[in-house]
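Here's the letter readout for the chains.
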Amino acid sequence: MKKVLKFTLYLALLLILLLLLIRVGIKIFFPPEKIKALLIQELRERTHREVEIGQLSMGLRGIRIKEFRLSNYPAFSQGTFLKSEDFTIRYSLPALLKKKLSITSVTLFYPRIFIIRNPDMSFNFSDLIPSEGETPLIQKKKRESRSFAFSLFVTQARILDGEIKFTDKAHSRNSFKTSQINLDIKGLSLLTPFSLTAEGQLSHEELEGKFRLMSIINIAREKIEIKELMLGTEALSLGINGKVENFAAPRWEFTISNRQFLLENLYRLLSRKLRLPDRLQVTGQPEFYARLSGTLERVSVQGEIKLDAVTFTYKDILQKGGGYPAGGSFDLLIESREKVFINTLSLFLNTSSVQCKGSIQGLGKRPLFNADISWDGFRLRDLTELLPLARKYDIQGKSQSLINIQGRGTDLQIQGIFNLTEFNFRFQESLIHDMNIEMLFTEKNLKIKKLSGFLDKEPFSLTCTVNDFKNPDIQFTLLMNKLNLNPLSRISMEKDANPPLSAAPKGDREVSSPLEGVSLNGNLQIKKVLFKTMELENVTAKVKLSNHIFHVNPFSFSAYQGQARGVIACNLKDLNQPWFRIAGNLKGLSLNALLSSLSSYKDMAYGTIRLSVNLNGKGTSLENIKGEGEGALSDGKLTNIPVVSALAGALNISALKEVTYQSITGHFFIEQGRIKTDDLKLISPDVHILARGWVDMEKQLEFKVTVKLAEKYTKGDLAKYTADEE
C-alpha cells in the first residue's frame, strides 16, 4: 500500500513538473509577441483588412486577447467592422508540441459588429464572400515559409453578449440593431455540417423585440438549414423555417407563420408614431402564413391571412364581430427588386371576394402599374354587415366589376365596367327595389348606360355621363312615375328639432362653392310629385349649371286643375350669400282645390286663379327678397267666411253670407319682408271691395278696406246703416 502511495505521489510530481516544463517551453518556443504577430499576419492575409490586437497572453488552455479590432476593407480609415473587448482562442496542445498552432475554438466576449449596406447594395463584408467561379481572397496569396505550421481548424465558436449594428445607406429606414447576442457554433467544419444557435434582442427605431435561431450549416455543400427562427415583439411573434443554398448566388425557401398576433398591442405600438383614430378599437389574432422562395433576383411570395377571429369597431360607422369570415390570399413574383408580378391577390368577405392580377415595375417613387381588379357576384349584404348605419336601410344586391389600371402616379389610366343587379334599398317608408345599373368609366369619364328600377313600385330610369372629373361636365335624363318628398321633409324637421351643439357663425365671410368648374345639363320628367299635402303632376324641368349659375329653364307642372310654368336662376358662387331670381305664372288653378289641399279652408272660396310673379334676392333671409306680381281670381264665390258671415248677420243681409264675384284682381310688391298692394279689388253684383295695405312674414298685417254695396243695400231699412254707397 505504501508503494502505491509513493508511486502516485511521484507520478503527480512528474505531471506537475511536465506541465511546468510545457508552460516554460510554450513561452520559449511561442513567445506572445511572436504569436501576436503571427495572428495579425494570418488574419490580414485572409481578410485583406487591418487587424489590431491589444494584450495577448498564452497558457496551457489557449490564448487570451484583450482589445481585438478588425477594420473595414482595406483599412481602419474606412471604419471598424469588428471589435471585441475579450477574445479567447483554444488550441490543440499535442499539435502545439509538434510546433503547430492548431486553433480548435474561439470565444468572443462583448463583441461589436458593424454591418453596412452601401448605396450600390453591396455590404462591407462583400469582399469576404467570393463570387461564383472566383478564387477566394484567402487563396490568392501564396503562403510564405514559416518556422512552424499554422492550422486554422476551429471546431467551436461562441459569442457572448454581442451586438450587431446594421446601417443601410441605401434605405436609412431599414437600419436596425441587435444586442445581448449569445451565439454558439458546434462542430465547425468546412467538410461536414455543424450547428449554429443564437438568441438576442432586436431594435428598430421605437420597435423592440427578441429573436432565437436554430440552424444547421454545411459549408461544403453551401447550404444553411434554418430549423427555427423566432422573431417576436409584444404585438407579433413570427416563426420562420427553411433553407438557403449556394452562397455565391443564394437560393432560398422559407415558410413564415405567426405564433402570436395581438392587434390591440400592434395598434398601441403604431399609435406612438402615427396619428390613429382614438375611437378605433381592434382586438383578436389574425392567422398568417407565407412561403418565400427564389434568389436575390427572383423571389416568389405566396400566402394567406385570415381575419375571422378579428374584431374592430370605429365609432358607429364600422364594426366587425369575431367569427365573421374575412381575409385574403396572395401569389406574387418579385424580379430584380424592381418588378412585382401579381399572379393572384384576393380579398374575401364572407361569401364575396375581390381579385387582382397584374404587375408593378420600378419599385420607387414613380412605379409603373398594370393591374386588373375584378369581382363577380359580390353581395352588398356582406359589406353592409360591417356598416351599422347601413343595416337599417336593408341594402341588398349583387355587383360585378372589371377595372384596369395602367400608368404611373398621378398619370394613371383607369377604365372599367360596373354592374349592379337586384339592388334593394329602404329609406323611411320608401323602398327602391329591383334596381339595375350598367356603368362604364375611365380615370376621366363616367357613363351610366342604364339605371332602372322601382321606387315604391313605380318605375324610374336614369342615363348619365360625366366628362372630365377635374372639371365635371354632367349630362343626364331622369324619368320617374312618382316621387314622394315627404320622407326628406321629415328628416329636415328632425334636424331642425335637434340642432348641433355648436356651429361656427357664418358672418359675412364668403363660403366657396364646391361647384367650381362643374357644368350640368339635364332633363327631368316626373309624372307625379308628392310633398306634404301637395300633389303635382307632369313635372318637367330643363336644368343647367355653368360658371356657378344654376338655371331651371323652363320648369312646368300641372296642379289643382291648372298649369304652372317658369324659370329659376341662382348664383351659387358664394353659398353664404346666394343670388337668385324666380319668374313664373300660374293659369287655371282651382282655388277651392288649392285651399282644400293646403289648409282647413275647404269649401269657403271658389274661383280660377291666374298669377304671374317675378322675384329676386340675395342670401337666405326672407327680408332680402324683392319682386312684384299680379294675380286674378275669376268667376268664383266666397262662402261661410266667419267675418263676412258675422257682418251679414249684423246687417241682416243674407246675401252677404255667400258672395259671388266676377273677379278679384291686384298687383303686389315684395320688399323688406313685406307683401304690399294698393289695388286689391273684389267685384261682385252685391259689393265692390278695395283693399290697400301689407302683410309680413310673421303674419302681421295692416290694411285699409273700402266696401261699396250695391244700390239695393243703401235704401229702405238699411239706409240707417248705409248713408251712402260706401
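What counts as what
Residues numbered from 1 in each chain as written. Predicted model: local features only at pLDDT ≥ 70, side-chain atom pairs only at ≥ 80, totals over all residues. Heavy atoms only, no water. Helix = DSSP H or I, 4+ residues; strand = E, 2+ residues; numbered from the N terminus. Buried < 20%, exposed > 50% of the residue type's maximum accessible area, 1.4 Å probe, protein only. Contact = heavy atoms within 4.5 Å. Areas by Shrake-Rupley, 256 points an atom, 1.4 Å probe, with all protein chains shown as cover. Pairing = 2+ DSSP bridges. Axes fitted to C-alpha atoms, helices over the stretch in contact; angles between N-to-C directions. Salt bridge = Lys/Arg side-chain N within 4 Å of Asp/Glu carboxyl O.

Caption draft 1: Inspection of the overall build of the chain at higher detail. Secondary structure summary: the chain contains ten helices and 38 strands in total. A burial count over the chain gives 34% of its 726 residues as buried. Considering only intrachain contacts with a sequence separation of at least 6, the fraction spanning at least 24 residues in the chain is 45%. Accessible area of the chain: about 43900 Å², with a carbon and sulfur share of 57%.

Caption draft 2: Up close: the pairing of strand E15 (residues 298-306). The pairing of strand E14 (residues 287-295) with E15 spans eight bridges and is antiparallel. Counterpart to Leu292 in the pairing with E15 is Val301. Connecting E14 to the antiparallel partner E15 that follows it, the hairpin turn spans two residues. Inspection of the sheet shows E15 paired to strand E18 (residues 326-335) by nine bridges, in the antiparallel sense. Bridged to Val299 within E18 is Ile334.

Caption draft 3: Examining the sheet that holds strand E17 (residues 318-320) more closely. Reading across the sheet, the three strands line up as E13-E16-E17 and stay open at both edges, with antiparallel pairing between neighbours. The open sheet has two edge strands, strand E13 (280-283) and E17, and neither has a second partner. Taken pair by pair, the neighbouring strands of this sheet meet at an average axis angle of 10 degrees, ignoring direction. Across four bridges, the pairing between E13 and strand E16 (residues 311-314) is antiparallel. Opposite Gln281, over in E16, you have Thr313 as the bridge partner.

Caption draft 4: Main features of the pattern of salt bridges. The tally for this structure, following the rule as stated, stands at 17 salt bridges. Residues Arg259 and Glu228 are paired through a salt bridge, measuring 3.8 Å at the closest nitrogen-oxygen approach. Here the residue Arg259 occupies a position in strand E12 (residues 251-261), and Glu228 occupies one in strand E10 (residues 223-232), the gap between them amounting to 31 residues. As a salt-bridge pair, Asp382 and Arg379 come within 2.6 Å of each other at their nearest N and O atoms.

Caption draft 5: Broad picture of the environment of Tyr606. Residue position: Tyr606 is located in the loop between helix H9 (591-598) and strand E33 (608-618). The class for Tyr606 is partly exposed, based on a relative accessible area of 26%. Each C-alpha atom of the pair Tyr606 and Ser634 lies 8.8 Å from the other, and the pair is 28 residues apart in sequence. Excluding its chain neighbours within four sequence positions, the residues that come into contact with Tyr606 are Leu591, Asn592, Gly636, Lys637, Thr639 and Tyr661.

Caption draft 6: The arrangement of the environment of Ile405 in detail. Within the secondary structure, Ile405 is located in strand E22 (residues 396-408). When the C-alpha positions of Ile405 and Thr442 are compared, they lie 9.3 Å apart, and in sequence the two are 37 residues distant. If sequence neighbours within four positions are ignored, Ile405 has contacts with Phe369, Asn370, Ala371, Ile373, Leu412, Gln413 and Ile414.

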